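Examination of the molecular architecture
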Amino acid sequence: MQSLWNDDEASQYPGDLGQRIYSSRLLGRDKSLVLHGGGNTSVKIRETNLLGDEEDILYVKGSGWDLEFIEAGGFAPVRMAHLQRLAQLLALSDPQMVNELRTHMTYANAPTPSVEAILHAILPYTYVDHTHADAVVTLCNTPSGEQRIRDLYGKHVVVIPYIMPGFDLARLCAEIFPRECGEATRGMVLMNHGIFSFGATARESYERMIELVGMAEEELTASKAWFVNWPAVVPDARPRCTELAGLRREIAQCIGAPIILHNVRDAQTLGYARRADVELISQQGPATPDHVIRTKRVPLLGRDMAAYAAAYQCYFSEHAAQSREPKTMLDAAPRVILDPEFGLCTVGRSAQDAFIVRDIYQHTIDTVVRATQLERYQALPARDYFDVEYWDLEQAKLRKAGTPPLFTGEVVLITGAASGIGRACVESFLARGAAVVGLDIGAAVIEVSSKPAYLGLVCDVTDAGALEQACEQTVQQFGGLDMLVLNAGVFPGGCNIAELTDAEWTRVLRVNLDANLAVLRLAHPLLKLAPRGGRVAVIGSKNVAAPGPGAAAYSASKAALTQLMRVAALEWASDGIRLNEVHPDAVFDTGIWTDDVLTARAAHYGMTVEQYKRRNLLKAEIVSHDVAELATELCGPLFAKTTGAQIPVDGGDARVI
Ligand code: ZN
């Protein structure tokens, strides 16, 4: 375990809170210490308030903040005096505790303090760091875990037996810690949960965390339990697209909502799912309570949908029995599937959710296998996880989630996504909660969005092999395909028929027509499996209804594409797939329309650029966003009963009307 502390970097974070931010980010950068908002840190600072009184303030991580990216505003300032008195209470319900924390902050707009705030307050050190380090929870989750921890750390840490996070845990620590801490104490282990370190400076507390966790790693290494050898993976010869999409559809039917299904088939996940003892070692709870909400208690083994439905029913009735308000169906969905052919599949309401489950479960796999190599993996009894799962505070979080965006759990593929209308479509679909795969021949497609719900793939749509690979990647990333936007196309320079060469004609038709046939053909079996029915939006052109001279190849290609769309609407209606088309005109915020080209074209018509842009009946300027919004809505409920339709987005054109 390496310390990442760097004096030069640290000096850029002035003040006690600055140092707190810096070392919190260092902890957050190491995924073997904290994952996705896990762990928390604090610093105690003496401040003078408006009335001139001095008071001690605990700056503790706010809930919802990730240590890796935390800023000053991510810490909640809570009055120490009140926290210390709360710790003396005999009992306090968790909702009451949160109320006390929130009402004793010195800044009204601060985030809600971590539920571990009281615990931080009772530790008599300026800086306190808390992680759910893999190595420490691995040692804890073995039959002789507590003895191992005591033998390893001796007088250096105080050991607290497992108790659910919240007020009772803080109270237990308030009782045990002062009794057992001594000169040599530099940390505290919460059994089956994680580890605390503390110090007078941010660096001391951080370095102690690294040292203590490093000791656990060394212990595991010395016992030949730390390194895991996975058998090499033989690359999958046959495509798995429709099998995976079929699994996703069955899960979606089981829980009554579309979901994202993420698949990892690598040495670790396949190696684990194929272990002879997987049934024995994988069917226990997670390594730390922090993970239970995300991964549920145990993974499902194999693709047995009857077992999935049974697990769902079990969670669902537990939810119904435990909560005062109805839950959304997805809260009860099992999140992890292990399969000898698929490796690891994770289920989420959004791509982000599915990826969080993946990250956590990959760490769980390591923990389980390391504990098995050391002795035997032995998690807490199911009852303890049940308590965490139906914890008042977690339930409150779920209730707060609200109505999800329109395309939550759905996947769209957009061709020509690097610029113009395609790029605008990426934004419109992301804004409605869809997971988006963008294809483009240009490398810029990779960078169109940095959101986890976006995957940009460089792909020449006229290359059948590349298209097939893109489909496979789409399904592995998100589980299937619900919607398709056919946008990629070329707009060649003007050329009259008398001069039009066969080569140019063929080139335009290959991209604007043939490639779209290939995409439709490949997408069909996937769209058929879309839980809410497949949808296709085609980006056509005004030229279909009102062609212009000098654009024979372009106009013919778009007219043929339109006819293709209409025939597909006839053929695929029985598969629940609908196709509709938008016909844009004069969209100038795209790559081909540089300022020079615009100026030249406007001059050609004797107009200013402004006049030229708005030469339609409504005198409206049409931008990529307008076209993208319409194409996106065509895939939504507004057009649920429409197929084979063509809608202009051109500001009104007398020739089209
Ligand atoms: Zn914790």
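No experiment lies behind these values; they were computed from the predicted model shown. (Residues numbered from 1 in each chain as written. Predicted model: local features only at pLDDT ≥ 70, side-chain atom pairs only at ≥ 80, totals over all residues. Heavy atoms only, no water.)

**Quick word on the coordination of the zinc ion**
His130 (NE2), His132 (NE2) and His193 (NE2) make up the full set of protein donors to the zinc ion, lying at 2.1 to 2.2 Å. Written as a sequence motif, the donor arrangement for the zinc ion is H-x1-H-x60-H. Note that histidine 132 is positioned in the loop between β4 (127-131) and α6 (134-140) and histidine 193 in the loop between β6 (187-190) and β7 (194-199), a separation of 61 residues in sequence. Since its relative accessible area comes to 9%, histidine 132 is described here as buried. Residue classification places histidine 193 among the buried positions, given a relative accessible area of 3%. (Donors = N, O, S within 2.8 Å, 3.2 Å for Na, K, Ca; no water. Helix = DSSP H or I, 4+ residues; strand = E, 2+ residues; numbered from the N terminus. Buried < 20%, exposed > 50% of the residue type's maximum accessible area, 1.4 Å probe, protein only.)

**Here's the deal with the domain arrangement of the chain**
In terms of domain boundaries, the chain breaks down into domain 1 (7-222), domain 2 (241-400) and domain 3 (411-649). Here domain 1 and domain 2 have C-alpha centroids that lie 28 Å from each other. Listed by partner, the interface residues are 26 residues for domain 1 and 26 residues for domain 2. Across the domain 1/domain 2 interface, buried area totals approximately 2,400 Å², and carbon plus sulfur atoms make up 64% of it. Across the contact surface, domain 1 and domain 2 share one salt bridge. For glutamate 375, the salt bridge identified is with arginine 148, shortest N-O distance 3.0 Å. (Domains from an automatic or database assignment. Contact = heavy atoms within 4.5 Å. Buried area = accessible area lost by both parts, 1.4 Å probe. Salt bridge = Lys/Arg side-chain N within 4 Å of Asp/Glu carboxyl O.)

**With respect to the side chain of threonine 590**
Note that threonine 590 resides in the loop between β17 (578-584) and α22 (595-604). Under the relative-accessibility criterion, threonine 590 is labelled buried at 19%. Setting aside chain neighbours within four positions, we find threonine 590 in contact with Gly420, Ile421 and Ser624.

**Side note on the pattern of salt bridges**
Enumeration over the complete set of coordinates arrives at 31 salt bridges. For glutamate 211, the salt bridge goes to arginine 186, with nearest N and O atoms at 3.0 Å. Placement of the pair is glutamate 211 in helix α9 (residues 202-222) and arginine 186 in the loop between α8 (167-180) and β6, with a sequence separation of 25 residues. The class of glutamate 211 is partly exposed, set by a relative accessible area of 35%. Look at the salt bridges and you will find they share partners, linking Arg240, Glu243, Arg303, Asp339 and Glu341 into a network.

**Quick notes on the packing of aromatic side chains**
Aromatic ring pairs are described here by two measures, namely the spacing of the ring centres and the angle between the planes. If you walk through the whole model with that rule in mind, you get 12 aromatic pairs. Taking 5.6 Å as the distance between ring centres and 20 degrees as the angle between the ring planes, the aromatic pair formed by phenylalanine 407 and phenylalanine 429 counts as stacked. With phenylalanine 407 in the loop between α17 (392-400) and β12 (411-415) and phenylalanine 429 in helix α18 (residues 420-431), this residue pair connects regions lying 22 residues apart in the sequence. Considering the side-chain rings of tyrosine 605 and tyrosine 612, the 5.7 Å spacing of their centres and the 25 degrees angle between planes classify their relative orientation as stacked. Looking at tyrosine 605, the relative accessible area reads 43%, which means it is partly exposed. Judged by its relative accessible area of 3%, tyrosine 612 falls in the buried class. Joined through ring pairs, the aromatic side chains of Trp5, Tyr13, Tyr22 and Tyr206 make up one cluster. Over the face of the ring belonging to phenylalanine 342 we find arginine 303, whose NZ or CZ atom lies 3.9 Å from the ring centre. For the cation-ring pair, arginine 370 lies above tryptophan 226, with the distance from its terminal atom to the ring centre recorded as 3.5 Å. (Phe/Tyr/Trp six-rings, centres within 6.5 Å; stacked < 30°, edge-to-face > 60°. Lys NZ or Arg CZ within 6 Å of the ring centre and 35° of its normal.)

**Observations regarding the packing of helix α2 (residues 15-29) against α9**
Between α2 and α9, the least distance of the axes is 9 Å, while the angle of their chain directions is 15 degrees. Our classification of the angle between α2 and α9 gives roughly parallel. At the point where α2 passes α9, the crossing takes the right-handed sense. Contact residues: α2 offers Gln19, Arg20, Ser23, Leu26 and Leu27, while α9 offers Ala202, Tyr206 and Met209. (Axes fitted to C-alpha atoms, helices over the stretch in contact; angles between N-to-C directions. Parallel < 35°, antiparallel > 145°, perpendicular 65-115°, else oblique. Left-handed = near helix turned anticlockwise from the far one by under 90°.)

**Points about the pairing of strand β10 (residues 336-339)**
The alternating pattern of β10 places Val336 and Leu338 and Ile337 and Asp339 on opposite faces, both of which are buried. Pairing analysis gives two bridges linking strand β9 (residues 300-301) to β10, with the strands arranged parallel. By the bridge assignment for β10, leucine 300 is matched with isoleucine 337. Across four bridges, the pairing between β10 and strand β11 (residues 343-348) is antiparallel. The partner of valine 336 across the bridge, within β11, is threonine 346. In textbook terms, the turn of a hairpin is the stretch between consecutive antiparallel strands, and for β10 and β11 this stretch comprises three residues. (Pairing = 2+ DSSP bridges.)

**Remarks on the sheet that holds strand β3 (residues 75-79)**
Here seven strands make up an open sheet; going across it, the order is β3-β2-β1-β4-β7-β6-β5 and the pairing mixed. Unpaired on one side and paired on the other, β3 and β5 (157-160) mark the two borders of the sheet. For this sheet, the mean angle separating the axes of adjacent strands, direction not counted, is 20 degrees. In this sheet, β3 lies alongside strand β2 (residues 54-61) in antiparallel orientation, the contact comprising five bridges. By the bridge assignment for β3, tyrosine 59 is matched with proline 77. Each of β1 (40-48), β2, β3 and β4 touches α2; the most contacted strand, β1, lies at about 180 degrees to it. Set on the sheet, helix α7 (residues 145-153) makes contact with β5, β6 and β7; between it and β5 the angle comes to about 170 degrees.

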